[in-house]
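Okay, here's what each chain looks like letter by letter:
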Amino acid sequence: MSLLLAAITMALAAPAGWEKFDSQSGCDYYRSPKTESGYPTLRAECVWDDVTPATLDAILTDLGGHDKVHSSIAEATVVSTDSKGSVVYQRHVASGISDREANLLYTRAVVGETITHAWKMTAAQPTPKDGNVVPGKDNGKWELSPEGSGAKVIYELHYEPSGSVPGFVVRAFQTSGFVLLTQELHKACLLYTSPSPRDRQK
């Protein structure tokens, strides 16, 4: 048993120099050293024994449904899909600041038993509605792999909101906000019901 736990710990080890800032509900949370822009990359390392990679994959593949999973995404609309991936328009909301609007290129890759959903901002960004802002950066990924009868999940996010954002809002997002994003996906998995054959044909 000790060898198994050691193997899991090694597999989930965060990159050197990252700071652990929280641990709860099967997840450890880390932040990287700050980049030149002053923003770190955030990382969650989770082992969830009550959900499967297949369920996580199904939820994340529904790109137009991310606004039903994450409370900080008010809109999610698939704009186009081709061999490079899918472009998705998202509108992000947070209390006390203007909404952020972004076009994100989503990709899905499978290597062995690991499924990776990744995204980055596209070169062409939307013209934001009055008062809204295009974020400076929104890059991230979800890595899903089997762990016993459950799933091992690695979530990374580098988000730079741009515009005028109070420091306390930034700090809240980089701590409790990131934890909430992670746990919202877990909750969505627990509530997930596979589409019926009739629904899949629609």
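Residues numbered from 1 in each chain as written. Predicted model: local features only at pLDDT ≥ 70, side-chain atom pairs only at ≥ 80, totals over all residues. Heavy atoms only, no water.

A look at the pattern of salt bridges
Piece 1. Counted according to the given criterion, the structure contains ten salt bridges.
Piece 2. Residue D99 pairs with R91 through a salt bridge whose shortest N-O separation is 2.7 Å. Comparing D99 with R91, the two get one shared label, buried.
Piece 3. A salt bridge links K141 to E143; the nearest nitrogen and oxygen atoms lie 2.7 Å apart. (Salt bridge = Lys/Arg side-chain N within 4 Å of Asp/Glu carboxyl O. Buried < 20%, exposed > 50% of the residue type's maximum accessible area, 1.4 Å probe, protein only.)

Structural notes on the packing of aromatic side chains
Piece 1. Under the counting rule described, the total for this entry stands at seven aromatic pairs.
Piece 2. Taking 5.6 Å as the distance between ring centres and 25° as the angle between the ring planes, the aromatic pair formed by Y106 and W119 counts as stacked. Pair noted here: Y106 is in strand β6 (residues 100-111) and W119 is in strand β7 (residues 114-121), with a separation of 13 residues, a long-range link. Neither residue differs from the other here; Y106 and W119 are each classed as buried.
Piece 3. Between Y155 and F178 the ring centres are 4.8 Å apart and the planes differ by 20°, which places this aromatic pair in the stacked class. Of this pair, Y155 sits in strand β9 (residues 150-160) while F178 sits in helix α3 (residues 167-191), and the two are 23 residues apart along the sequence. With respect to class, Y155 is no different from F178; both count as buried.
Piece 4. Among the aromatic side chains, those forming a connected cluster through ring pairs are F21, Y29, Y106, W119, W142, Y155 and F178. (Phe/Tyr/Trp six-rings, centres within 6.5 Å; stacked < 30°, edge-to-face > 60°. Helix = DSSP H or I, 4+ residues; strand = E, 2+ residues; numbered from the N terminus.)

Thoughts on the sheet that holds strand β5 (residues 85-92)
Piece 1. On the basis of which strands lie adjacent, the open sheet formed by nine strands has the order β1-β2-β3-β9-β8-β7-β6-β5-β4 and antiparallel pairing. The open sheet has two free edges, formed respectively by β1 (19-24) and β4 (73-82), since each of these has just one partner strand. Strand-to-strand twist across the sheet, computed as the mean angle between neighbouring axes with direction ignored, equals 20°.
Piece 2. Its contacts with the sheet put helix α2 (residues 53-61) on β3 (42-48), β6, β7, β8 (137-147) and β9, and the angle it makes with β8 is roughly 155°. (Pairing = 2+ DSSP bridges. Axes fitted to C-alpha atoms, helices over the stretch in contact; angles between N-to-C directions. Contact = heavy atoms within 4.5 Å.)

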